[in-house]
Amino acid sequence: MNMTNDNSKPPLLWWKGAVIYQVYPRSFQDSNDDGIGDLPGLIQRLPYIASLGVDAIWISPFFKSPQKDMGYDVSGYREVDPLFGTIGDCDLLIAETHRLGMKIIFDVVLSHSSDQHPWFQDSRRRLNDKDDWYVWADPKPDGSPPNNWMSHFGGPAWSFDPLRGQYFMHNFLEEQPDLNFHNPTVQDAMLDVVKFWLDRGVDGLRLDVVTFYFHDKELRDNPPRPPEMGSALQFRHRDPYSMQKHLYDKSQPENLLFLERLRNLTDSYEQRVLVGEIGDDYPLVRMAEYTYGANRLHTAYSFALLTGTDDVTFTPQFVRQAVMDELAASEEKTWPTWAFSNHDVPRSISRLGPRQMTNPQWAKCLMALLLSLRGSICMYQGEELGLPEANVPYDRLQDPWGKHVWPNWQGRDGCRTPMPWNDAQPHAGFSGHEPWLPAAPEHQSLSVTSQEQNPDSTLHFTRSFLKYRKDHDALRLGEISFVDTSDDILAFTRSAENESFLCVFNLGGTPATFKTPAIAWDGENGSLSQAAINGGTLTLEPYGFALIPASAASSSLAKAKSFWTSAFSFLGSLKGSSLRQIKNA
């Protein structure tokens with residue numbers, strides 16, 4: 001991948017408009033047949049990731065951990081857990097990623113640690129000046145917790161420690177106590193952790209639950225949540241966490257000052273990036289606030305397009321509203337990151353479409369839409385294969401949240417099953433041993449090997465579209481403007497200095513038409529193009545989409561005065577047997 005720039009232009013920020021491929025290492029490739037993916041296995045598969053044409057990889061935590069929350073409970077911030085390999089493997093991973101022309105982003109969990117971390121063990125005993133490194137509070141006179149805050153994973157956000165005689169706070173599992181960021185020494189310690197990994201050559205950090213670093217020092221109760229605010233979680237069933245307005249347990253103003261310290265450290269290195277995960281009652285407003293100016297996060301993503309489990313009404317208005325809200329909140333002065341899938345939510349094919357969707361063109365439609373949005377893009381492992389959510393038997397569930405809310409939801413394990421490399425091999429080529437989660441039968445026919453042999457596969461489509469996107473500044477870096485449509489049609493323009501695109505998507509399961517100014521059709525088709533254009537009418541099959549380049553001077557279709565001077569249609573005519581049924585919220 002060529003990362004060089006024209007010397008006549010200012011240096012490009014590599015992360016702006018980048019496509020970042022997320023690897024969940026537990027489930028990517030097992031190299032030593034213990035059933036758990038590891039860093040050597042990931043190194044083995046780096047050429048595959050590079051072949052997709054992505055710009056960077058983001059790796060979920062592999063640090064020393066008791067694995068109560070699959071690595072998001074860290075007991076050694078500078079150590080690689082033996083499950084995943086060694087620090088030498090880590091260094092080789094960084095070097096090989098760079099050799100293949102990609103950047104590498106590590107996932108760091110700063111808000112909380114494992115209860116097995118030496119810091120917490122010292123804090124319980126009030127040793128080694130760690131007395132207030134965590135959030136401790138006395139019980140109320142009746143012995144109950146200090147306030148009404150709830151844990152993300154169920155129950156109160158407080159657990160009583162008999163050794164210390166106080167409650168400690170945990171926004172997630174009891175085994176994940178929250179660090180006290182009101183203590184400047186804690187901030188310094190976490191900045192030292194960041195420096196350690198930047199010194200080893202990582203190009204950026206994904207900041208887990210970045211809104212959770214600070215809590216209200218007065219420990220005031222959260223107020224009741226108005227029903228019109230909806231769920232506070234991607235899990236939308238009745239849950240105590242979603243019955244509160246999260247005014248005091250996160251997103252405190254002090255957090256911005258710490259982010260400025262973190263940005264100052266990061267900017268002392270060349271071309272590094274901070275990507276924040278935003279979880280908040282007002283996610284797009286918070287996303288804009290946390291990325292505003294040049295002294296906070298470089299970019300961030302929220303759950304605006306990651307929401308829900310299997311009850312999402314994925315309409316044109318749903319997408320348009322999320323993007324427009326971000327633009328309004330940021331006054332178009334920040335750069336967002338978007339994702340449809342990751343390790344915390346059901347896979348987009350199933351979450352945004354019918355659970356039993358069998359039409360592979362729905363996967364292509366979603367991929368094309370994601371890669372056409374204004375912003376940087378996160379793509380989750382297996383998304384390029386169009387993998388649906390896996391059904392995991394209850395006796396095989398590993399996710400503690402999933403076990404807590406089952407059978408309403410199986411939790412996050414359905415998107416974490418092993419990557420299907422080869423359907424002819426045991427466990428889909430992931431491991432020679434029974435994996436930590438079962439290889440999904442639903443993924444058997446969608447393996448990398450089988451899709452490599454099929455030129456019409458989602459995998460080949462993804463590679464082609466990524467190349468197409470990379471070749472056009474309007475798609476990577478351009479502005480976005482939505483076009484009024486009806487029914488299942490989503491349309492917008494992407495415009496840069498020298499080019500623009502009209503992007504049209506049919507999110508419905510029946511054919512649809514879209515009226516445009518007359519297009520001077522030049523008869524050219526890309527390898528994936530199937531167009532039905534007659535004068536000013538564009539016809540799209542179910543889940544069809546079109547990207548029609550035109551001159552930047554005539555890009556204002558929304559004003560009905562544009563004149564499209566050239567047309568090269570990059571369309572997906574999505575012909576399949578399954579009809580998409582838009583779900584009710």
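Not measured: the values here are computed from a predicted model.

1. Focus on the sheet that holds strand β6 (residues 136-137)
Spatially, β6-β8-β7 is the arrangement adopted by the 3 strands of the open sheet, whose pairing is antiparallel. Each having just a single partner strand, β6 and β7 (158-161) make up the two edges of the open sheet. Where β6 lies against strand β8 (residues 166-169), 2 bridges are found, and the strand directions are antiparallel. Along β8, the bridge assignment pairs Ala-137 with Tyr-167.

2. Observations concerning the pattern of salt bridges
One pass over the structure, following the stated rule, counts 32 salt bridges. Put simply, Asp-69 and Arg-412 hold a salt bridge, and the shortest N to O gap is 2.9 Å. Taken as a pair, Asp-69 in the loop between β3 (63-64) and β4 (76-80) and Arg-412 in the loop between α10 (400-405) and α11 (448-452) lie far apart in primary sequence, 343 residues in all. Of the two residues, Asp-69 and Arg-412, both sit in the buried class. Here Arg-416 and Asp-344 are joined by a salt bridge, their closest N and O atoms 3.4 Å apart. Placement of Arg-416 in the loop between α10 and α11 and of Asp-344 in the loop between β12 (337-339) and α8 (348-351) is noted, with a sequence separation of 72 residues between them. The pair formed by Arg-416 and Asp-344 is uniform in burial state, with each residue classed as buried.

3. Here's the deal with the pairing of strand β11 (residues 299-302)
Neither face of β11 is open: one carries Thr-299 and Tyr-301, the other Ala-300 and Ser-302, and all of them are buried. Inspection of the sheet shows strand β10 (residues 273-278) paired to β11 by 4 bridges, in the parallel sense. Among the inter-strand pairings, Ile-278 is bridged to a residue of β11, identified as Ser-302. With helix α6 (residues 283-291) bridging β10 and the parallel β11, this β-α-β connection has right-handed handedness.

So, how was this worked out
- Residues numbered from 1 in each chain as written.
- Predicted model: local features only at pLDDT ≥ 70, side-chain atom pairs only at ≥ 80, totals over all residues.
- Heavy atoms only, no water.
- Pairing = 2+ DSSP bridges.
- Helix = DSSP H or I, 4+ residues; strand = E, 2+ residues; numbered from the N terminus.
- Salt bridge = Lys/Arg side-chain N within 4 Å of Asp/Glu carboxyl O.
- Buried < 20%, exposed > 50% of the residue type's maximum accessible area, 1.4 Å probe, protein only.
- Right-handed = clockwise from strand over helix to strand, strands pointing away.

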